[in-house]
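The residues making up each chain are set out below.
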Amino acid sequence: MWREIDDKTVDDFNLTNSASELLESSAWAKLQQRFHKVTRLGYFIENQLIATAVLIKKSLPAGLSYYYSPRGP
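Everything numeric in this text was worked out from a predicted model, so none of it was measured.

1. Here's the deal with a nonpolar patch on the surface
Then, number 1: A grouping of Leu60, Leu64, Tyr66 and Tyr68 is seen on the molecular surface, where their side chains present a nonpolar patch of about 380 Å² in accessible area.
Then, number 2: Among the secondary structure elements, leucine 60 is positioned in the loop between strand E3 (48-59) and strand E4 (65-68).

As structure tokens, this is what we get:
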């Protein structure tokens, strides 16, 4: 099940996951927040975090938008 998580949870998970990259970090999310709406999500199975994602909402013309998840999950 996907649910919102905080910066510490994202960074702690990424430190233990050798496949994680800068674009999945809370530092990258904070930089993106200066320009876009950012949501951090974690995927849990039986309360164990198994994946994270940073979703960046980008605006398009005519009031449309899309979400972008760099390098994840």
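More follows now that the structure is in view.
2. A short note on helix H2 (residues 26-33)
Then, number 1: Every buried residue of H2 is listed here: Ser26, Ala29 and Gln32. The arc that holds the buried residues of H2, viewed along the axis, is 120 degrees, so those residues lie on one side.
Then, number 2: In the core, the buried residues of H2 are packed alongside helix H1 (7-16), strand E2 (37-45) and E3.

3. Quick look at unusual backbone geometry
Then, number 1: The backbone phi angle of glutamate 46 is positive, close to 50 degrees, even though this residue is not glycine.
Then, number 2: Examined against the element boundaries, glutamate 46 turns out to sit in the loop between E2 and E3.
Then, number 3: Classification of glutamate 46 as exposed rests on a relative accessible area of 80%.
Then, number 4: Its identity is not glycine, yet asparagine 47 carries a phi of approximately 65 degrees, on the positive side.
Then, number 5: Mapped onto the elements of the fold, asparagine 47 is located in the loop between E2 and E3.
Then, number 6: A relative accessible area of 65% places asparagine 47 in the exposed class.

4. Overview of the packing of aromatic side chains
The description of two aromatic rings rests on the distance between their centres and on the angle between their planes.
Then, number 1: Enumeration according to the criterion identifies one aromatic pair in this entry.
Then, number 2: Centre to centre, the rings of tryptophan 2 and tyrosine 43 are 5.1 Å apart; their planes meet at 65 degrees, and the pair counts as edge-to-face. With a gap of 41 residues between them, tryptophan 2 in strand E1 (residues 2-4) and tyrosine 43 in strand E2 connect regions that are remote in the sequence.
Then, number 3: For tryptophan 2, a relative accessible area of 38% corresponds to the partly exposed category.
Then, number 4: Since its relative accessible area comes to 27%, tyrosine 43 is described here as partly exposed.
Then, number 5: In this arrangement the basic side chain of arginine 3 is found over the ring face of phenylalanine 44, its NZ or CZ atom lying 3.7 Å from the centre.

How each quantity is defined
Residues numbered from 1 in each chain as written. Predicted model: local features only at pLDDT ≥ 70, side-chain atom pairs only at ≥ 80, totals over all residues. Heavy atoms only, no water. Patch = residues over 30% accessible without salt bridge, like charges linked within 9 Å, V, L, I, M, F, W, Y side chains within 5 Å. Areas by Shrake-Rupley, 256 points an atom, 1.4 Å probe, with all protein chains shown as cover. Salt bridge = Lys/Arg side-chain N within 4 Å of Asp/Glu carboxyl O. Helix = DSSP H or I, 4+ residues; strand = E, 2+ residues; numbered from the N terminus. Buried < 20%, exposed > 50% of the residue type's maximum accessible area, 1.4 Å probe, protein only. Arc of directions from axis to C-beta. Contact = heavy atoms within 4.5 Å. Phe/Tyr/Trp six-rings, centres within 6.5 Å; stacked < 30°, edge-to-face > 60°. Lys NZ or Arg CZ within 6 Å of the ring centre and 35° of its normal.

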